[in-house]
Amino acid sequence: MESTGRQLGIDVNHDYFLAISFLYPSDMVVSCENKCRLMELLTPVLSCGPLNSTIDSPQFLACDKGILFFLMAHTKEELLNANVQVCEKAIRLLEENFPDTFIRIGIDTIENGLSGIERSYQNSIHAIDAGEQFKKERRILDFIGMEIYSAMNAIVLAHGQTLISTILLQLSKEKQRR
């Protein structure tokens, strides 16, 4: 992997990576043709990546319900700027070309190293899975945001009655002070 990276001008141990997944709805049957059309449509977003734009090879990978690619840069700052551009461009292309299909975009945290690349891929998929359950209306789903939301949801489900009782008690104490 390291030698392939070097051939492409990428240092897999020191450069930064951000997996961005584009998945069709989980209840949709997704064909290879669907994935190929999506890859073709979204190819222009690759030009937003500082290192992606220098690679002539195909960069999209097919996954279960869609496609993904790794946004790549030498610095975290470059990656953050490129991420915004990718999302804006992708949303525009998706809305214009697939207006009746709600394709979600999953984004992980910035990672580096081989283990970070694998984690980034998995987390971008997890962000969409969580978003489909908890934030059905959102198209762009970042892993950290969905992880926090999922944790809060679990706490409320596990301790909902206690939380409600505590909140009501606090409200009644405040009301009495007035």
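Basis of the calculations
Residues numbered from 1 in each chain as written. Predicted model: local features only at pLDDT ≥ 70, side-chain atom pairs only at ≥ 80, totals over all residues. Heavy atoms only, no water. Helix = DSSP H or I, 4+ residues; strand = E, 2+ residues; numbered from the N terminus. Buried < 20%, exposed > 50% of the residue type's maximum accessible area, 1.4 Å probe, protein only. Arc of directions from axis to C-beta. Contact = heavy atoms within 4.5 Å. pLDDT = per-residue confidence, 0-100. Pairing = 2+ DSSP bridges. Axes fitted to C-alpha atoms, helices over the stretch in contact; angles between N-to-C directions. Phe/Tyr/Trp six-rings, centres within 6.5 Å; stacked < 30°, edge-to-face > 60°.

Draft legend 1. Up close: the environment of Gly-131. Following the sequence through the fold, Gly-131 ends up in helix α4 (residues 113-134). Judged by its relative accessible area of 0%, Gly-131 falls in the buried class. Distance from Gly-131 to Arg-104, taken between C-alpha atoms, is 8.7 Å for residues 27 residues apart in sequence.

Draft legend 2. Summary view of helix α2 (residues 32-42). Turning to α2, its buried residues number three or more, namely Asn-34, Lys-35, Leu-38, Met-39, Leu-41 and Leu-42. The arc that holds the buried residues of α2, viewed along the axis, is 165°, so those residues lie on one side. The outward face of α2, more than 90 degrees from its buried face, is lined by the exposed residues Cys-32, Glu-33 and Glu-40. For α2, the elements touching its buried residues are β1 (16-23), β2 (61-63), β3 (66-73) and α3 (76-97).

Draft legend 3. Representation of the confidence of the model for the chain within the structure. Across the chain, the average pLDDT comes to 82, with 84% of residues at 70 or higher. Predicted confidence in the chain is weakest over helix α1 (residues 2-7), with a mean pLDDT of 63, and strongest over α2, with 96.

Draft legend 4. Main features of the side chain of Asn-83. You can see Asn-83 is positioned in helix α3. Apart from residues no more than four positions distant in its own chain, Asn-83 is found in contact with Leu-18, Ile-20, Leu-71 and Ile-107.

Draft legend 5. Molecular detail of the sheet that holds strand β5 (residues 140-142). Reading across the sheet, the five strands line up as β2-β3-β1-β4-β5 and stay open at both edges, with mixed pairing between neighbours. Looking at the sheet topology across the chains shown, the edges are occupied by β2 and β5. Across this sheet, the average inter-strand angle for adjacent strands is 25°, counted without regard to direction. For β1 and strand β4 (residues 104-107), the ladder comprises four bridges, and the chain directions are antiparallel. Along β4, the bridge assignment pairs Ser-21 with Gly-106. Contacts from α2 reach β1, β2 and β3, with the element oriented near 30° to β3.

Draft legend 6. Summary view of the packing of aromatic side chains. All chains considered together, the criterion is met by two aromatic pairs. Among the aromatic residues, ring-to-ring pairing joins Phe-22, Phe-60 and Phe-69 into one connected group.

Draft legend 7. A look at the environment of Gln-85. Within the fold, Gln-85 resides in helix α3. The sequence separation of Gln-85 and Gly-49 amounts to 36 residues, and the corresponding C-alpha distance is 8.7 Å.

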